[in-house]
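An overview of the molecular structure
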Amino acid sequence: MHLLFATSIVPDGALASGYEIANAAIIAALRRAGARVTVIGFTWPGKLPVDPENTIVLGALDVRTENASSRQKLAWVARAMLSGLTFASVKLRAVSDSQVLAAIRHAGPFDGYVLNSVQFTGAFEKLFDDRPSIFVAHNVEHRSAQENAAAAGSLFQRFLFRREARLLKTMEERLCRRARFVFTLAEEDRAALGVADGDRSAVLPLVTFKQAPKQREPRQIDCDAALIGTWTWQPNRIGLDWFLDRVVPHLRQDFRLRIAGSVPSGVASTHPGVKFVGRVPDAEAFVRSAAVIPLISTAGSGVQLKTIETFELGLPSVATSRSLRGIDHRPANCVVTDDPIAFAGALEVAAGNVRDVDGSAFHHRQVKALDAAIRHGLEKLGPVKQEAYA
């Protein structure tokens, strides 16, 4: 079986975001199931696809809103209004339908599409109705947009997010209705998308490492707790604001907290132990240098890849209940609470008594369940022909 994996950004091997980590895990699982996978989409500027022989690049594009000028943002908003597309999809309209169609034909004979999330699919939706498809819903996007609207700081932002939510809801309904099968990354997303039936959808348990990470003891602890993420993404920003405003004030004054990643303007903390360290050269080394990992999601849908990574590494953690969506098994060194004061207390206890566990069992369990779900979904497209893939 030959599948065309349609996505906004093709894998380049960097795995710089949760979206890219999820894509790599899903593509690898499709290939383990015997499918030949050709990926089509854009690259980041200056990046090359990690698998050029099985990738069709439509061009280089930076779709990150935080990197765009005010003029570019206004242009995107205007084009979205005029076209009826979402703000996220209109950014991908850097090529024409005819160019995308030519690229699809270049892929050669194939059996169906894997439509990876709504952004790219929404930009060129009418081009993907000639073959059966599987839809991968990384999140329930319309619900995320609704949450973003509720947290927006201005009337204009609230208007834009509400518009996104309305358009995304109808788009997600169409994509789920047309798809032979739907993959979600969290169990609750199946019902939210109206595809809770086992014949219509399945959850994909993800991994962030190709192989189970080996335990490396002893760890060199440089701080009490560490956070890393794309904080410019609104659902992550909502969780960070909750943590800094509600949890951090209850931490003792000598508690050392390091926050890595791009932080929007206006994000700050008066706690003397909090340091914003920006980009770090090695994300794994950074989190391994902390006694405990706070998992602080309070918004969004889908799965939290940072939770999965933490569990694979066997690191101690304190998590909100939203951080565990899409996770069926919680290791013994993870404390769950949504109460800010209890969260702070659990962080202090964990930092004072570091207790790592072997994360390999969690990793193997995730891979086994991921492969089973992928096989189930592919059966809806037809029998899988084993393809040689190097």
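As a starting point, this report considers the structure included with it.

The rules behind these values
- Every residue gets a number counted from 1 within its own chain, in the order that chain's sequence is written.
- Confidence filtering applies because this is a predicted model: local features only for residues at pLDDT of at least 70, side-chain atom pairs given and counted only at 80 or more, and all residues used for totals across whole chains, interfaces and linings.
- Only hydrogens and water are set aside; all other atoms, that is, all heavy atoms of the structure, feed into the side-chain values.
- DSSP bridges decide pairing: two strands pair if at least two such bridges lie between them.
- Counting from the N terminus, the helices are DSSP H or I runs at least four residues long and the strands are E runs at least two residues long.
- Axis definition: a line fitted to C-alpha atoms, limited for helices to the stretch in contact. Angles are taken between N-to-C directions and run from 0 to 180 degrees.
- Here, two residues are considered to be in contact whenever any of their heavy atoms come within 4.5 Å of each other.
- Patch building starts from residues that exceed 30% relative accessible area and form no salt bridge, then joins like charges within 9 Å and nonpolar side chains (Val, Leu, Ile, Met, Phe, Trp, Tyr) within 5 Å.
- With residues, only the protein chains shown are counted as cover, and all accessible areas are computed by Shrake-Rupley using a 1.4 Å probe.
- Each salt bridge in this description consists of a side-chain nitrogen of Lys or Arg and a carboxyl oxygen of Asp or Glu lying within 4 Å of one another.
- Between buried and exposed lies partly exposed: a residue is buried under 20% and exposed over 50% of the maximum accessible area for its type, with that area taken using a 1.4 Å probe on protein chains only.
- By convention a nonpolar core is built from buried Ala, Val, Leu, Ile, Met, Phe, Trp, Tyr and Cys residues, the set being connected through side-chain atoms within 4.5 Å.
- Only centres within 6.5 Å qualify two rings of Phe, Tyr or Trp (six-membered ring in Trp) as a pair; their planes then separate them into stacked at under 30 degrees, edge-to-face at over 60, and tilted for everything else.
- Geometrically, a lysine NZ or arginine CZ counts as sitting over a ring once it is within 6 Å of the ring centre and also within 35 degrees of the ring normal.

Section: the sheet that holds strand β12 (residues 317-319)
- Read across the sheet, six strands follow the order β10-β9-β8-β11-β12-β13 without closing on themselves; strand pairing throughout is parallel. Of all the strands in the sheet, just β10 (274-278) and β13 (334-336) have a single pairing partner and so form its edges. Between one strand axis and the next, the sheet turns through 25 degrees on average, direction left out of account.
- Across four bridges, strand β8 (residues 223-228) lies against strand β9 (residues 257-260) in parallel orientation.

So, the sheet that holds strand β1 (residues 2-9)
- The seven strands are arranged β3-β2-β1-β4-β5-β6-β7 in an open sheet whose pairing can be described as parallel. Among the strands making up the open sheet, the edge pair consists of β3 (55-60) and β7 (201-203). With strand direction ignored, the average angle separating the axes of adjacent strands in the sheet is 15 degrees.
- With three bridges joining them, strand β6 (residues 181-184) and β7 adopt parallel strand pairing. Bridged to Thr184 within β7 is Val203.
- On the sheet, helix α1 (residues 18-32) packs against β1, β2 (36-43), β4 (112-116) and β5 (133-137) and is oriented at approximately 175 degrees with respect to β1.

Considering a nonpolar patch on the surface
- Taken together, the side chains of Met81, Phe156 and Phe159 present a nonpolar region at the surface, about 290 Å² in accessible area.
- Within the secondary structure, Phe159 is located in helix α7 (residues 155-178).
- Under the relative-accessibility criterion, Phe159 is labelled partly exposed at 43%.

So, the nonpolar core
- Within the largest apolar cluster, 51 residues are counted, with the highest numbers of intra-cluster contacts made by Leu30, Leu204, Leu206, Ile374 and Leu378.
- Apart from the residues lying within four places of it in its own chain, the contact partners of Leu30 are Leu3, Phe5, Ala35, Val37, Val114, Ile374 and Leu378.
- Counting residues in each nonpolar core, the second largest holds 39 residues, with Leu4, Leu61, Leu127 and Phe135 among its members.

Some details on the environment of Ser317
- Within the secondary structure, Ser317 is located in strand β12.
- Here Ser317 is in contact with Val292, Ile293, Leu295, Thr310, Phe311, Asn333, Cys334 and Val335, once residues within four sequence places are set aside.

Digging into the packing of aromatic side chains
- Counting across every chain of the model gives 10 aromatic pairs.
- Between the aromatic rings of Phe42 and Phe120, the centroid separation amounts to 6.4 Å while the plane-to-plane angle is 70 degrees, which identifies the pairing as edge-to-face. Separated by 78 residues along the polypeptide, Phe42 in strand β2 and Phe120 in helix α5 (residues 118-123) bring together distant segments of the chain. The exposure classification of Phe42 matches that of Phe120, with both residues buried.
- Judged by centre distance (5.2 Å) and plane angle (65 degrees), the rings of Phe110 and Tyr113 are edge-to-face.
- The class for Phe110 is buried, based on a relative accessible area of 9%.
- Taken together, Phe42, Phe110, Tyr113, Phe120, Phe124 and Phe128 form an aromatic cluster joined through their ring pairs.
- One cation-aromatic arrangement involves Lys91 over Trp76; the distance from NZ or CZ to the ring centre is 5.2 Å.
- The side chain of Arg131 reaches across the aromatic face of Phe110, ending 4.0 Å from its centre.

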